[in-house]
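Each chain is listed here by its residues.
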Protein chains: 2
Amino acid sequence: MASVTVALITISCLLTPTIISASGDSLQDLISSGNYEFIDLSHAFNNLTSSFPGILKFKFIKKSVNPSGDKSAWYAANDFETGEHAGTHIDAPYHFYEQGKYVGDLPLERLIVSLRVADVTSKVNGNADYVLYKKDLDNLLNETFDKPCVLLFKFGWSQYFNDAQKYFGFDGTKAKFPGLSTEVAEWIITNKNILGVGVDSPSVDPGPSTDFAVHRILSRAGLYNLENVNVHGQINEKKCTALVLPMKIEHGTGAPVRLVAVCPKVTL
Amino acid sequence: MASVTVALITISCLLTPTIISASGDSLQDLISSGNYEFIDLSHAFNNLTSSFPGILKFKFIKKSVNPSGDKSAWYAANDFETGEHAGTHIDAPYHFYEQGKYVGDLPLERLIVSLRVADVTSKVNGNADYVLYKKDLDNLLNETFDKPCVLLFKFGWSQYFNDAQKYFGFDGTKAKFPGLSTEVAEWIITNKNILGVGVDSPSVDPGPSTDFAVHRILSRAGLYNLENVNVHGQINEKKCTALVLPMKIEHGTGAPVRLVAVCPKVTL
C-alpha cells in the first residue's frame, strides 16, 4: 500500500507543484510564489527611538562618512550604543528569571513559529489605564493552540511610539500604558504551544507596575516577550508565520529583534 | 484509507496548483511539519567578537544584575555598544555607494529569498592568500538563478572566527584572508536574481584590498553583503531559504544581522 501511495504522490508532483514538500523545495516555492506578504512588525532604530527609563536609548556614537575626503574612496560606517531593551526587542527569559535562558540560548525552533494575533484595540480604545483580563479574551480562551506560536496582543498603541509622552504616559513617577493582568499571564502559560508573548506597548506589564509580575510569570515558564512591536492596520489573526530573529547576543538579557509576519495575501 | 487520501490530494493538485497556499496555512504547516531544519549562520556577539580595524568591537557598557539586591525583585538588563560592521552583519548598499539604500530601506522581499551556497572550501584549502576567480566557479557560471537569492561563498573560514590573528591574518599593515575577485563581482551583478552576496570571511574583498573594489561593484548594483557568516558542516547548496533579518537601523550603513537558513531535512 505504501508503494502505491508514493507512486501517486509522484504523479501529482509531476502535474503540480503543490506537494512539493515531498520533493524538499516547497518553502522556496512558497516564498517566491507571490502568495505571501512580509509585514514588518519592527520599529526602526533612530534618534527618536523610545526606551524605558534606565534603558539606554539608541544613538550613533561615531559616524564616518568619506573620512579621507577623496570621492573615489567614499564609504560610510557607524558605531552605535543602545540598551538591549530599547525599541522593538526581545526579552530573554533570563531578563526576569535567574535560571532562564539568555538570548543566545533560544533555539530557532522556538523563534520561527506560527503567529496568533489578538486584536483588542477596540476594547482598549486609547485608554492608557487599560489592563487586559481573561474576560476580554472571548473565544481565545477556547482555542487549542495546536501549533507552536507567538501570541501577539494588539492594543492599538504602536501609533504613539514616536510620541514618548503619550506612549509611556508618564505622570510624575509612574508610567501609564496598557498591559496584561497576571491572570492572563497565568492562563497563557497553561498553553504549552505559546512560546512567546508580544505587545505593541512598552511592556507586557501595565505601565504602573513596579513588581513586573507578568514578566516574572512568563519568564519562569520559559517564555520570551516581544515589546514595542509595531503593528498597524489589518493583519490576519491566525494564518501568519512569525520570524522572530534577535541580534544574537550570547549572554543577552534581551536584544533588538527583527520581527516579521509572513502572511497569506488571499484567504479563500 | 490511504488510497482515498492520495486520490483526494491528486484531485486537488489537478484542480489548483496553489491549493495549499490559497487556503493560507501552508507556510505554517511547512514550518511546523518537522521536514525543515533551521541552521543558524550567525556568530554570537560576545567579548571575543572580531571586528575589522576601525570598527568598534561589541561590548557590554553597563550590566545591571539585581540592582536592588532584593532577591524577590531580581532582574537583569544590559546596554551595549558595537560597530554596525562587527560580527555577522549586513552591508547596506550605502556602505560603499552614496546613492545606495540604508539598512532601513531594504525591502523584506529582498531579504527573505532562496539561498545558494557555493562551497569552495577545498579550493581555498586554508590559504589566506586565496582570491576567487571565475574559473573556480565551475558549473555555477551556467546557472540561471531563476529565483531571487543570496549567493553565499563558503571559504571554510568560519572556524577561525574566534582566533583574530588567523581570521584577519594581519602581518603588520595589511590583512590576509580569502575574498572575491572583481571579475566574480562583475559576473554576479549580471545575474539579476542575485540580490546579496555572503562570505564566511571578514569581507567580500580579499584581505589585502585597500580600494574595496568588490564592495563598490556590488553596492553600485544595489546588492547587500553578508560578512562574517558562520557556516560550518554540510549545508544543502540549492534548496535552502535564507532569512536575512538585520536590526532595523533606519540610517544604518550596515547592522548586526540574524542570518538563518531553512533547509529541507530530507531530499527525495
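Going by the structure above, here's the rest.
Residues numbered from 1 in each chain as written. Chains lettered and ligands numbered in written order. Predicted model: local features only at pLDDT ≥ 70, side-chain atom pairs only at ≥ 80, totals over all residues. Heavy atoms only, no water.

A. Highlighting the overall build of chain A. For chain A, the helix and strand inventory stands at 7 helices and 12 strands. Counting across all 268 residues of chain A, residues that qualify as buried make up 57%. Nonlocal contacts in chain A, meaning residues at least 24 apart in sequence, comprise 73% of its contacts between residues at least 6 apart. Surface exposure of chain A reaches about 10700 Å², of which carbon and sulfur atoms provide 52%. (Helix = DSSP H or I, 4+ residues; strand = E, 2+ residues; numbered from the N terminus. Buried < 20%, exposed > 50% of the residue type's maximum accessible area, 1.4 Å probe, protein only. Contact = heavy atoms within 4.5 Å. Areas by Shrake-Rupley, 256 points an atom, 1.4 Å probe, with all protein chains shown as cover.)

B. Main features of the pairing of strand β3 (residues 76-83) of chain A. Residues and elements named next belong to chain A. Of all the 8 residues making up β3, 8 are buried; the element is thus mostly covered by neighbouring parts of the structure. Every second residue of β3 is oriented toward a common face, with A76, N78, F80 and T82 on one face and A77, D79, E81 and G83 on the other, all of them buried. Both strand β2 (residues 59-65) and β3 contribute to a ladder of 6 bridges, which runs antiparallel. Bridging across to β3, F60 finds its partner in F80. (Pairing = 2+ DSSP bridges.)

C. Spatial organisation of the relation of the copies chain B and chain A. Least-squares fitting of chain B to chain A yields an RMSD of 0.0 Å, with the superposition described by an axial translation of 0.0 Å and a rotation of 180°. Taken together, these values place the two copies in the relation of a two-fold axis. In this assembly the copies share their binding face: 91% of the residues contributing to the interface of chain B also contribute to that of chain A. (Least-squares fit on C-alpha atoms with pLDDT ≥ 70 in both.)

D. Focus on the interface of chain B and chain A. Contact residues are listed per partner, giving 91 residues for chain B and 89 residues for chain A. At the boundary of chain B with chain A, total buried surface from both sides reaches about 7700 Å², with 62% on carbon and sulfur atoms. Between the two partners, chain B and chain A, sit 6 salt bridges. B:K248 serves as the salt-bridge partner of A:D40, at 3.1 Å between the closest nitrogen and oxygen. Applying the counting criterion to the chain B and chain A interface returns 38 residue pairs in polar contact (both at pLDDT 80 or more). Class assignment of the residues belonging to the side of chain B that touches chain A gives a composition of 48 nonpolar, 26 polar and 17 charged. Relative to strand β3 (residues 76-83) of chain B, β3(A) is paired through 5 bridges, and the arrangement is antiparallel. Paired with A:T82 across the strands is B:F80, a residue of β3(B). (Buried area = accessible area lost by both parts, 1.4 Å probe. Salt bridge = Lys/Arg side-chain N within 4 Å of Asp/Glu carboxyl O. Polar contact = N/O pair within 3.5 Å; in protein donor to acceptor, adjacent residues only side chain to side chain. Nonpolar A, V, L, I, M, F, W, Y, C, P; charged D, E, K, R; others polar.)

E. Layout of the side chain of B:D205. Residues and elements named next belong to chain B. Tracing the backbone through its elements, the reader meets D205 in the loop between β9 (194-199) and α7 (213-220). With no salt bridge to any partner, buried D205 finds its closest opposite charge in R216, at an N-O distance of 7.4 Å. Side chain to side chain, D205 and H215 meet in a polar contact 2.6 Å long. (Lys, Arg positive; Asp, Glu negative; His and termini not counted.)

F. Quick look at helix α7 (residues 213-220) of chain A. Residue and element names in this part refer to chain A. Taking burial as the measure, the 8 residues of α7 include 7 buried ones, the bulk of the element. Within α7, the full set of buried residues consists of A213, V214, H215, R216, I217, L218 and S219. For α7, the secondary structure elements touched by its buried residues are β4 (89-91), β8 (179-180), α6 (182-188), β9 (194-199) and β10 (224-227). Backbone geometry just after α7 places G222 at a positive phi near 90°.

G. Focus on the side chain of B:D200. Residue and element names in this part refer to chain B. With respect to the helices and strands, D200 occurs in the loop between β9 and α7. For the buried D200, which has no salt bridge, the nearest side chain bearing the opposite charge is K154, at an N-O separation of 6.6 Å. A polar contact of 3.0 Å, which involves the side chain of D200, links it to the backbone nitrogen of W157. Contacts of D200, omitting those with residues within four sequence positions, involve F153, K154, F155, G156, W157, S158, Y167, V229 and V231.

H. Just the sheet that holds strand β2 (residues 59-65) of chain B, in detail. With antiparallel pairing, the 4 strands of this open sheet are ordered in space as β2(A)-β3(A)-β3(B)-β2(B). Taken across any chain shown, the strands that pair with only one partner, and hence form the sheet edges, are β2 of chain A together with β2 of chain B. Along the sheet, successive strands turn relative to each other by an average axial angle of 5°, direction set aside. (Axes fitted to C-alpha atoms, helices over the stretch in contact; angles between N-to-C directions.)

I. A look at the pattern of salt bridges. Using the criterion set out here, one finds 24 salt bridges over all chains in the structure. A cluster of three or more residues bridged by salt bridges with shared partners is formed by A:R116, A:E143, A:E237 and A:K238.

J. Here's a closer look at the packing of aromatic side chains. Under the counting rule described, the total for this entry stands at 31 aromatic pairs over all chains. With 4.6 Å between their ring centres and 50° between their planes, B:Y94 and B:Y102 make a pair best called tilted. By relative accessible area, which is 11% here, B:Y94 ends up buried. Judged by its relative accessible area of 24%, B:Y102 falls in the partly exposed class. Put simply, the rings of A:F45, A:F58, A:F60, A:F80, B:F45, B:F58, B:F60 and B:F80 pair up and form one aromatic cluster. (Phe/Tyr/Trp six-rings, centres within 6.5 Å; stacked < 30°, edge-to-face > 60°.)

K. Summary view of empty space enclosed by the protein. Following the criterion strictly, the structure yields 1 cavity of 30 Å³ or more and no others. The space that makes up the largest cavity amounts to roughly 70 Å³. Elements that contribute at least two residues to the lining of the largest cavity include exactly α3 (26-31) and β11 (240-246) of chain A together with α3 (26-31) and β11 (240-246) of chain B. A per-class count over the lining of the largest cavity returns 10 nonpolar, 2 polar and no charged. (1 Å grid on protein atoms, 1.4 Å probe; cavity = no way out; pocket = protein on both sides within 12 Å on 5 of 7 lines; lining within 4 Å. Points joined across faces, edges and corners; volume = space filled by probe spheres on them.)

L. Expanded view of the environment of B:I188. All names here are of chain B. Inspection of the secondary structure puts I188 in helix α6 (residues 182-188). Looking at I188, the relative accessible area reads 0%, which means it is buried. It is 22 Å that separates the C-alpha atoms of I188 and A128, two residues lying 60 residues apart in sequence.

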